[in-house]
Amino acid sequence: QQKVQQSPESLSVPEGGMASLNCTSSDRNFQYFWWYRQHSGEGPKALMSIFSDGDKKEGRFTAHLNKASLHVSLHIRDSQPSDSALYFCAASEGNNYAQGLTFGLGTRVSVFP
Amino acid sequence: ETAVFQTPNYHVTQVGNEVSFNCKQTLGHDTMYWYKQDSKKLLKIMFSYNNKQLIVNETVPRRFSPQSSDKAHLNLRIKSVEPEDSAVYLCASSSRGRSSYEQYFGPGTRLTVL
């Protein structure tokens, strides 16, 4: 079973609309979460990290973490065609960055005009 | 330009051959990683190197071996490729600092095993 699960698998959003992505961890050791975005033919690129309960906003992107339920969400406001990509939720245990990240299967976002 | 560079972009080979992929980072990071991304886009960590020491070695087949000459380079060698090795191999790097251990990825090397 995937330790990091994402939903939905895919999402279509009108340009200017809001996209909402979800992520849940089944491993209580995971306390640190990231959102990565991967465009076709490229490597993933970090969008933002969230380590504390509550909301974190960076530009059009807002992440929310609930540590009790190990649920993370990402909301993309005013979606643009360039936001069309594969979005990954990733998690790690504690502060041991050298351990690497555990990724979910991703949510494919398509922004249509 | 500071980034993570990978060569080659693509490689096609036959079962049983040996292949080697290169990765270099110019970000001054102290840890480098190799991930495998399969056809379903699942990303799984294979290795990480910190100060020339292997930190994480997931249960990958023994035909895979990481090779590091210094903290800016981490190559991946596959001794005798199998069809299931067909995938995109992604190199990444990170370091302690204000970026909260953000990992920076290269563009990947796509391996096709015939």
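This text follows the structure it describes.
It should be emphasised that the depicted structure is a prediction, and the values quoted were computed from it without experimental measurement. (Residues numbered from 1 in each chain as written. Chains lettered and ligands numbered in written order. Predicted model: local features only at pLDDT ≥ 70, side-chain atom pairs only at ≥ 80, totals over all residues. Heavy atoms only, no water.)

Draft legend 1. Spotlight on the overall build of chain B. When you go through chain B residue by residue, the secondary structure sums to zero helices and 11 strands. Ordered by position from N to C terminus, the α and β elements of chain B give β-β-β-β-β-β-β-β-β-β-β. Structurally, chain B occupies a C-alpha span of about 45 × 25 × 25 Å along its principal axes. The proportion of buried residues among the 114 residues of chain B is 46%. Of all intrachain contacts in chain B linking residues separated by at least 6 positions in sequence, the fraction that spans at least 24 positions is 54%. Accessible surface, chain B as shown: approximately 5900 Å² in total, 45% of it carbon and sulfur. Taken as two groups, the 14 positive and 10 negative side-chain charges of chain B have centres that lie 2 Å from each other. (Helix = DSSP H or I, 4+ residues; strand = E, 2+ residues; numbered from the N terminus. Buried < 20%, exposed > 50% of the residue type's maximum accessible area, 1.4 Å probe, protein only. Contact = heavy atoms within 4.5 Å. Areas by Shrake-Rupley, 256 points an atom, 1.4 Å probe, with all protein chains shown as cover. Lys, Arg positive; Asp, Glu negative; His and termini not counted. Charge placed at Lys NZ, Arg CZ, Asp CG, Glu CD.)

Draft legend 2. View of the pattern of salt bridges. Under the definition given, this model contains seven salt bridges over all chains. Between A:Asp27 and A:Lys3 there is a salt bridge; the shortest N-O distance is 3.3 Å. Of this pair, A:Asp27 sits in the loop between β3 (19-25) and β4 (30-38) while A:Lys3 sits in the segment before β1 (4-7), and the two are 24 residues apart along the sequence. Judged by relative accessible area, A:Asp27 falls into the buried class, the value being 11%. One salt bridge connects B:Glu18 with B:Arg77, and the closest N-O pair in it is separated by 3.7 Å. Within this pair, whereas B:Glu18 is found in the loop between β2 (10-13) and β3 (19-25), its partner B:Arg77 is found in strand β8 (residues 73-78), the two being separated by 59 residues in sequence. (Salt bridge = Lys/Arg side-chain N within 4 Å of Asp/Glu carboxyl O.)

Draft legend 3. Up close: the interface of chain B and chain A. Each partner contributes residues to the interface: chain B has 24 residues there, and chain A has 23 residues. The junction of chain B with chain A conceals about 1900 Å² of combined surface from both sides, 59% of it contributed by carbon and sulfur atoms. On the chain B side of the interface with chain A, the three residues burying the most area are B:Leu43, B:Tyr101 and B:Phe105, jointly 27% of the side's total. Between the two partners, chain B and chain A, sit three residue pairs in polar contact (both at pLDDT 80 or more). Of all the secondary structure elements, the ones that give two or more residues to the side of chain B that touches chain A are β4 (31-37), β5 (43-50), β6 (53-57) and β9 (87-94) of chain B. When grouped by side-chain class, the residues that make up the side of chain B that touches chain A number 11 nonpolar, nine polar and four charged. (Buried area = accessible area lost by both parts, 1.4 Å probe. Polar contact = N/O pair within 3.5 Å; in protein donor to acceptor, adjacent residues only side chain to side chain. Nonpolar A, V, L, I, M, F, W, Y, C, P; charged D, E, K, R; others polar.)

Read these as geometric descriptors, not functional statements.
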